[in-house]
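# Understanding the architecture of this molecule
One-letter residues, chain by chain:
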Amino acid sequence: MRTITATYCYIPSVMSRPQKTDGQEKKRPPPVKVLSGQLRAAGIRCNVDSGSGCVIRLSGGRSLLVSLVWMQGTVLEVQLDRNTALLLDETGTFTVQGINSVPKGKPCLSQGKYVMVMGAIQALSPEPVICVVKMADLSELVALHRRMWKLEVEDLQQVLSSRSR
């Protein structure tokens, strides 16, 4: 059994309320669909402690700033005593932290289930760590979800990166 180190799950203010810039409220961007490999590769170009996010590289030399993520993967291991779960997507593993605090999240947490998680990036190395705020079981249509996931990620990232130009 693999040991996952438990750390404090800090959800930056980015998750909870709109930012104010010069007295005006700035709408927060929604979570960005990402693969664990993209976050792992962003590790050297990112300071997650600041809450400002990470720059992930996209095809065509484009990039995208990401702080809130939507990820999907298969549950490999659950450690309720450590408040963590280890998931696997098609590019590698990632840790989900704060699982005991997610309403209705525990039923999703059985080994082999395919789930989606949304949350804030906590760490990127040696593997991504996400502080989860939402979790859902996608196992019922797992074949469809797995097949479509990479296409959904690429499509959303392409749209978001073209808007930020």
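Please read all numbers here as calculations on a predicted model, not as lab measurements.

Calculation criteria
- Residues numbered from 1 in each chain as written.
- Predicted model: local features only at pLDDT ≥ 70, side-chain atom pairs only at ≥ 80, totals over all residues.
- Heavy atoms only, no water.
- Helix = DSSP H or I, 4+ residues; strand = E, 2+ residues; numbered from the N terminus.
- Buried < 20%, exposed > 50% of the residue type's maximum accessible area, 1.4 Å probe, protein only.
- Pairing = 2+ DSSP bridges.
- Core = buried A, V, L, I, M, F, W, Y, C linked by side-chain atoms within 4.5 Å.
- Contact = heavy atoms within 4.5 Å.
- Phe/Tyr/Trp six-rings, centres within 6.5 Å; stacked < 30°, edge-to-face > 60°.
- Lys NZ or Arg CZ within 6 Å of the ring centre and 35° of its normal.
- pLDDT = per-residue confidence, 0-100.
- Expected span 1.5 Å × (residues − 1).
- Bend = angle between axes of the 7 residues up to and from the residue.
- Polar contact = N/O pair within 3.5 Å; in protein donor to acceptor, adjacent residues only side chain to side chain.

All right, on to unusual backbone geometry then. Here serine 125 and proline 126 are connected by a cis peptide whose omega angle stands at 5 degrees. Structurally, proline 126 is set in the loop between β9 (114-123) and β10 (129-137). Even without being glycine, asparagine 83 reaches a positive phi, approximately 65 degrees. Residue placement: asparagine 83 occurs in the loop between β6 (68-79) and β7 (84-89).

Here we come to the pairing of β9. Where burial is concerned, most of β9 is hidden: nine out of the 10 residues are buried. In this structure, β6 lies alongside β9, joined through seven bridges in antiparallel fashion. When the bridges of β9 are listed, leucine 68 appears paired with alanine 120. Relative to β10, β9 runs antiparallel, the two being bridged by eight bridges. Paired with alanine 123 across the bridge in β10 is valine 129. The turn joining β9 and β10, which pair antiparallel and follow one another in sequence, is formed by five residues.

The next subject is the nonpolar core. Ranked by size, the top nonpolar core spans 27 residues in total, and within it Val117 and Met135 carry the most contacts. The residues touching methionine 135, leaving out its near neighbours within four places in the chain, are Val96, Ile99, Val102, Gly105, Cys108, Leu109, Met116 and Val117. Core analysis: the second largest hydrophobic core is formed by seven residues, Leu35, Met118, Leu138 and Trp149 among them.

With that out of the way, let us pick up the packing of aromatic side chains. Throughout the structure, instances matching the rule amount to one aromatic pair. Looking at lysine 33, its charged tip hangs above the ring of tryptophan 70, at a distance of 4.6 Å from the centre.

Okay, the confidence of the model for the protein chain next. Residue-level pLDDT values for the protein chain average 80, and 75% of them are 70 or greater. Under a pLDDT of 50 for its full length, residues 1-8 has, in the predicted model, 21 contacts with residues more than four places off or in other chains. Segment residues 10-21 is flagged for pLDDT under 50; beyond a separation of four residues in sequence, or across chains, it makes 26 contacts in the model.

Given a rise of 1.5 Å per residue, 22 residues ought to cover 32 Å, and the 31 Å separating the end C-alpha atoms of helix α3 (residues 142-163) matches this to within 8%. The largest bend in α3 amounts to roughly 40 degrees and is located at methionine 148. Among all positions in α3, only Trp149, Val153, Gln157 and Ser161 are buried. Along its buried surface, α3 packs onto β3 (32-33), α2 (36-42), β4 (54-57), β5 (63-66), β6 and β9.

So, about the side chain of glutamine 72. Checked against the element boundaries, glutamine 72 lands in strand β6. Note on glutamine 72: relative accessible area 4%, which makes it buried. In this structure the side chain of glutamine 72 is engaged in a polar contact, spanning 3.3 Å, whose partner is the side chain of tryptophan 70. A polar contact is formed between the side chain of glutamine 72 and the side chain of tyrosine 114, at a distance of 3.2 Å. Apart from the residues within four sequence positions on either side, glutamine 72 is in contact with Asp89, Phe94, Tyr114, Val115, Met116, Leu138, His145 and Trp149.

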